[in-house]
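Examining the three-dimensional arrangement
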Amino acid sequence: IQNMSLQNGIVSTELTWLDTIHVKIEVIAHKQIVPLAMVKMELSTIDDDIDITLQDVLNFTTSQRGTLKDIGSDDKGIYIEVSPKNVDYSSAAIYSRLDINDTSYHVENGTSAINEAALHISKTPTVINKYVGIISSEFKHDDGTELDNAKRVVDFAQDVGREQLYDSHNKEWNEQFKETNIFIP
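Residues numbered from 1 in each chain as written. Predicted model: local features only at pLDDT ≥ 70, side-chain atom pairs only at ≥ 80, totals over all residues. Heavy atoms only, no water.

Observations regarding the packing of aromatic side chains
- The tally for this structure, following the rule as stated, stands at one aromatic pair.
- Seen from their ring centres, Trp173 and Phe177 are 4.8 Å apart, and the 45 degrees between their planes marks the pair as tilted.
- Take Phe177: its relative accessible area is 35%, and that puts it in the partly exposed class. (Phe/Tyr/Trp six-rings, centres within 6.5 Å; stacked < 30°, edge-to-face > 60°. Buried < 20%, exposed > 50% of the residue type's maximum accessible area, 1.4 Å probe, protein only.)

A few points about helix α2 (residues 162–176)
- The terminal C-alpha atoms of α2, which comprises 15 residues, lie 21 Å apart, in line with the 21 Å expected from a rise of 1.5 Å per residue.
- Burial in α2 covers these residues: Arg162, Leu165, His169, Asn170 and Trp173. The arc enclosing the buried residues of α2, seen along the axis, measures out at 135 degrees, which places them on a common side. In this structure, α2 carries Gln164 and Lys171 as exposed residues pointing more than 90 degrees from its buried face.
- In the core, the buried residues of α2 are packed alongside β3 (21–29), β4 (36–45), β11 (126–136) and α1 (146–160). (Helix = DSSP H or I, 4+ residues; strand = E, 2+ residues; numbered from the N terminus. Expected span 1.5 Å × (residues − 1). Arc of directions from axis to C-beta. Contact = heavy atoms within 4.5 Å.)

As for α1
- Helix length check: α1 (15 residues) gives 21 Å between terminal C-alpha atoms against 21 Å at 1.5 Å per residue, within 8%.
- Restricting attention to buried positions, one finds in α1 the residues Glu146, Leu147, Asn149, Ala150, Val153, Val154 and Ala157.
- Among the structural elements, β4, β7 (78–84), β8 (92–98), β11 and α2 are those in contact with the buried residues of α1.
- Within two residues after α1, Gly161 carries a phi angle of roughly 100 degrees, on the positive side.

A closer look at the pattern of salt bridges
- Inspection of the entire model under this criterion finds seven salt bridges.
- A salt bridge links Asp56 to Lys130, with the nearest nitrogen and oxygen atoms 2.7 Å apart. You can see Asp56 sitting in strand β5 (residues 50–59) and its partner Lys130 sitting in strand β11, a full 74 residues away along the chain. This pair shows no difference in class: Asp56 is buried, exactly as Lys130 is.
- A salt bridge links Asp155 to Arg97; its shortest N-O distance comes to 2.8 Å. Residue Asp155 is found in helix α1, and its partner Arg97 is found in strand β8; the two are separated by 58 residues along the sequence.
- For Asp155, a relative accessible area of 29% puts it in the partly exposed group. (Salt bridge = Lys/Arg side-chain N within 4 Å of Asp/Glu carboxyl O.)

Here it is, written out as structure tokens:
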């Protein structure tokens, strides 16, 4: 089941993976902090406990019209820097961080940055939060590179915390659309 709430623009997905794990995902493109995206994932088993490896992947091979400038990781997350083909003056960076301990990072084939974490999943939901900063050269931002600024967005988000960001997203959504009426016959 997948829904997008017309009350706050949040996309929610629920599924059972291989009749083993119940997965609930909530995705937010923050309405006030434009370069911030957040993902909340809840995992629980249907029956027996299970050990899994969770992967967060930025994969350049899915790009259709992009040029890879850099891909990699630091001690907190993974990143990719790209520019559109034949548009060298434009660039963008994506920086992604899982809000869990004991993760490892690596790059495969020079085209995928991967953040992995070993998790023990039981019937009690395990909650994983992910913060993503997405900055292009066209977005007005502070000094530094697009990657520096994408990392700053994620640092800020992790410091503030998901609940406060969720509240500020909803407040901004309500403010911008308070005069809007949506009718679905």
